Amino acid sequence: MTFQAFLLTITLLMAFQTSNTSPLDSVKKIGPTNAPKVAKVDEIRNRAQFIARSCKEVREVYGQSENGLYYLTTSTGVVYQTFCDMTTAGGGWTLVASVHEDNIYGKCTVGDRWTSQQGNNANWPQGEGNWANRKTFGTVEAATDDDFKNPGYYDIVAEDMSVWHVPNNTPVNHWKLAAIMRYHTDRRFLHLYGGNLYSLFHRYPVEYNVGAHLSDNGPSIPIVYDLGDKESTKMFYGPYSGAEIEGGFISFRAINYERAATAICSGVKPKGGNAETYCIGGGGFFPEGNPLQCGDFTAFAWNGYGTHVGWSASKQMLESAVLLFYR
Ligand code: G3P
Ligand code: CA
Ligand code: CA
C-alpha cells in the first residue's frame, strides 16, 4: 500500500465512524422531547383494542370519556376510525357523516356527493343516492374539508342524533369550540325510523317528484340546543327563508314547490315550499332556475354568496360543514 492509499483509507474510516454514530443517537435525542406526544398517539392507537359498534358502546363498555378518534367495528367486521363526542349530554355520540359545500357555484358537479355530481337531471331523480346506500367516502380528519360518510351511517342502530355546524377546514381537536351551532334530539325518534338515516331515507326517499311540499315531507323532530337557540338558528338563513321556517327542529326529506326533494333542514321546520333555501342535500333534480338550486347546499346563495339578503344564507352557514352524529 502506498502512503497516499494508506491516508485515504484512514480518512474514509474516520468519515464512516462519524456518520455511523448519528442515527441511533438522534433517536435518543429526539425521544425525550417528543415523549408526551408519543404517549398520546400510543393511547389513541391502543383504542384499536376496543371492539365496539358505536361510541356509545366505547363509553359504556370501556369507560372512555375523552372526545377524540376511536376505532369502531361494524356487525360484519369492518373496522373504521371516527370521532366520538364523549361529553355532550352524557356523551357517546358517533360521527357518521358530514355534508360539506366545496363550491356553491358548482351546481351538482364534483364534490356534490349528497345531491348529484352529474348535473341537474330529471332522468336521474335520486342523484347520487348516498342518503340511502352503503357507499362511504372521505376521512374523519377531513370531515370539515370535504364530504364524509362512514359505515356507522348504516350500521349503527341509534336512537338520537346530534348535529354540529363547524367552519370549513377546522382541525378535529377544535371542532367543538369552533362550532357555530350544536344541538341534539332527546326523544329517541330514530326508533320509529329503523335506527339510522339509512333506514329513514329508505322510508322517505330523497328523490325528485315523490310528492308535494309539506304534505309529503318527512318528520320534523324537536331539538335541544347545546350551542345557539331558535332565533340564532333562523339568523343563519336568509330573511325571506326566516319567514317560512320555525327554529328548534331537525327536519327530514323536505319537498319544495317544484317537487324537488331535499334531505335535512338543520335546526328548522319548513312551513313553506322554498326548502332549497334552508335544507341541505337532495335528489338529482331541482326544476326551479335549472341548474341553480342543485348542489349540497342547494340554493343557499340564491341572492348572492353569503349576503344574508333575500333567500341567501349567512356566510358563516355557507362556509361550515354539517356534522351528523348518532347515539
Ligand atoms: O327559491 C327561491 C325562489 O323561489 C325565490 O324566487 O322570485 O324571489 O327569486 P324569487
Ligand atoms: Ca359536498
Ligand atoms: Ca323556490
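Only a predicted model underlies this, so the values are computations on that prediction, with no experimental measurement involved.

A. Looking closely at the packing of aromatic side chains. Tallied over the full model, the rule gives 21 aromatic pairs. Ring centres of Phe-50 and Tyr-62 lie 4.5 Å apart, and the angle between their planes is 20 degrees; this geometry places the pair in the stacked category. Of this pair, Phe-50 sits in the loop between α2 (22–46) and α3 (55–62) while Tyr-62 is found in helix α3, placing the two residues twelve residues apart along the sequence. According to the relative accessible area criterion, Phe-50 is buried, its value standing at 14%.

B. Here's a closer look at the state of the cysteines. In the structure shown here, the tally under the stated rule is three disulfides. Each sulfur of the disulfide joining Cys-55 and Cys-84 lies 2.0 Å from the other. A torsion of -75 degrees about the S-S bond marks the disulfide between Cys-55 and Cys-84 as left-handed. On the criterion of sequence distance, the pair formed by Cys-55 in helix α3 and Cys-84 in strand β2 (residues 79–85) is long-range, its members being 29 residues apart. For Cys-84, a relative accessible area of 0% gives the class buried.

C. View of the site of ligand 1. In the vicinity of ligand 1, the contacting residues are Asn-274, Glu-276, Thr-277, Glu-288, Gln-293, Trp-302 and Trp-311. Glu-276 is positioned such that a nitrogen or oxygen atom in its side chain is 2.3 Å from an oxygen atom of ligand 1. Take Gln-293: an N or O atom from its side chain is 3.2 Å from an oxygen atom of ligand 1. Relative to its free-state accessible area of 300 Å², ligand 1 is covered by the protein chains to the extent of 63%. Taken together, the residues of the shell around ligand 1 break down into two nonpolar, three polar and two charged.

D. Expanded view of the coordination of the calcium ion (ligand 2). Protein ligation of the calcium ion (ligand 2) involves His-100 (O), Gly-111 (O), Asp-147 (OD), Asp-147 (OD) and Asp-296 (OD), the donor distances falling in the range 2.2 to 2.5 Å. The exposure class of Gly-111 is buried, given its relative accessible area of 4%.

E. Geometry of the nonpolar core. Core analysis: the biggest nonpolar cluster contains 59 residues, and Trp-131, Met-161, Phe-201, Phe-252 and Ile-264 have the highest contact counts within it. Contact partners of Phe-201, with chain neighbours within four places excluded, come to Trp-131, Ala-132, Tyr-153, Val-206, Phe-252, Arg-253, Ala-263 and Ile-264. Counting 15 residues, the second-largest nonpolar core is a separate cluster that includes Phe-83, Trp-93, Ala-143 and Trp-164.

F. Representation of unusual backbone geometry. Put simply, Asn-290 and Pro-291 share a cis peptide bond, and its omega is 5 degrees. For Pro-291, the location among the structural elements is in the loop between β13 (280–282) and α9 (315–318). Positive phi, normally seen in glycine, also occurs at Asn-209, with a value near 70 degrees. Structurally, the position occupied by Asn-209 is in the loop between α6 (197–203) and β7 (220–222).

G. Local environment of the coordination of the calcium ion (ligand 3). Surrounding the calcium ion (ligand 3) are the protein donor atoms Asn-274 (OD1), Glu-276 (OE) and Glu-288 (OE), at 2.2 to 2.4 Å. Ordering the donors of the calcium ion (ligand 3) by residue number gives the pattern N-x1-E-x11-E.

H. Structural detail: the sheet that holds strand β11 (residues 262–265). Spatially, β7-β10-β11-β13 is the arrangement adopted by the four strands of the open sheet, whose pairing is antiparallel. Of all the strands in the sheet, just β7 and β13 have a single pairing partner and so form its edges. Looking at each pair of strands side by side, their axes are set apart by 15 degrees on average, direction ignored. The sheet contact formed by β7 and strand β10 (residues 249–252) spans three bridges and is antiparallel. Note on β10: the bridge partner recorded for Pro-222 is Phe-249.

I. Examining the confidence of the model for the protein more closely. Overall, the predicted model of the protein reaches an average pLDDT of 93, with 90% of residues at or above 70. For the stretch residues 12–28, pLDDT sits under 50, and the model shows zero contacts to residues farther than four places along the chain or on other chains.

J. Highlighting the pattern of salt bridges. One pass over the structure, following the stated rule, counts twelve salt bridges. Among the charged side chains, a salt-bridge network with shared partners connects Lys-40, Glu-43, Arg-47 and Glu-66.

K. View of a nonpolar patch on the surface. Together, Ile-51, Val-61 and Tyr-62 line one region of the surface with nonpolar side chains, adding up to about 300 Å² of accessible area. Structurally, the position occupied by Val-61 is in helix α3.

Thresholds applied
- Here the residue index of a chain counts from 1 through its sequence in written order.
- By the order in which they are written, chains take letters starting at A while ligands take numbers starting at 1.
- Reporting in this predicted model follows two pLDDT cut-offs: at least 70 for local features of residues, and 80 or more for side-chain atom pairs to be given and counted; totals over whole chains, interfaces and linings ignore these cut-offs and use all residues.
- Water and hydrogen atoms were dropped before computing side-chain values, which therefore reflect all heavy atoms in the structure.
- Working definition: a ring pair exists when centres of Phe, Tyr or Trp rings (six-membered ring for Trp) sit within 6.5 Å. Plane angles under 30 degrees give stacked, over 60 give edge-to-face, the rest tilted.
- In DSSP terms, a helix is any run of H or I states spanning at least four residues, a strand is any run of E spanning at least two, and both are numbered starting from the N terminus.
- Burial classes: relative accessible area under 20% of the type maximum marks a residue as buried, over 50% as exposed, and values in between as partly exposed (1.4 Å probe, protein chains only).
- Cysteine sulfur atoms that pair up within 2.5 Å are treated as a disulfide.
- One heavy atom within 4 Å of a molecule or strand is enough for the residue carrying it to be called near that molecule or strand.
- Identification of polar contacts relies on pairs of N or O atoms within 3.5 Å, with a donor-acceptor requirement for protein atoms, meaning one able to donate a hydrogen and the other able to accept it, and with residues adjacent in sequence counted only if both atoms are side-chain atoms.
- Surface accessibility in these figures is a Shrake-Rupley result with a 1.4 Å probe; residues are shielded only by whichever protein chains are displayed.
- Basically, the charged four are Asp, Glu, Lys and Arg, the nonpolar ten are Ala, Val, Leu, Ile, Met, Phe, Trp, Tyr, Cys and Pro, and anything else, Gly included, counts as polar.
- Only nitrogen, oxygen and sulfur atoms count as donors, using a 2.8 Å cut-off from the metal that widens to 3.2 Å for Na, K and Ca. Water is left out, so coordination shells may look unfilled.
- To define a nonpolar core, start from buried Ala, Val, Leu, Ile, Met, Phe, Trp, Tyr and Cys residues and group those joined through side-chain atoms within 4.5 Å.
- By definition, residues are in contact when any of their heavy atoms lie within 4.5 Å.
- At least two DSSP bridges between two strands are required for those strands to pair.
- Axes here refer to lines fitted to C-alpha atoms; in helices the fit is confined to the stretch in contact. Angles between the N-to-C directions go from 0 to 180 degrees.
- Confidence of the predictor at the level of single residues is captured by pLDDT, which takes values from 0 to 100.
- A side-chain nitrogen of Lys or Arg and a carboxyl oxygen of Asp or Glu constitute a salt bridge if their distance falls within 4 Å.
- By definition, no residue in a patch forms a salt bridge, and every one has over 30% relative accessible area; like charges are joined within 9 Å, nonpolar side chains (Val, Leu, Ile, Met, Phe, Trp, Tyr) within 5 Å.

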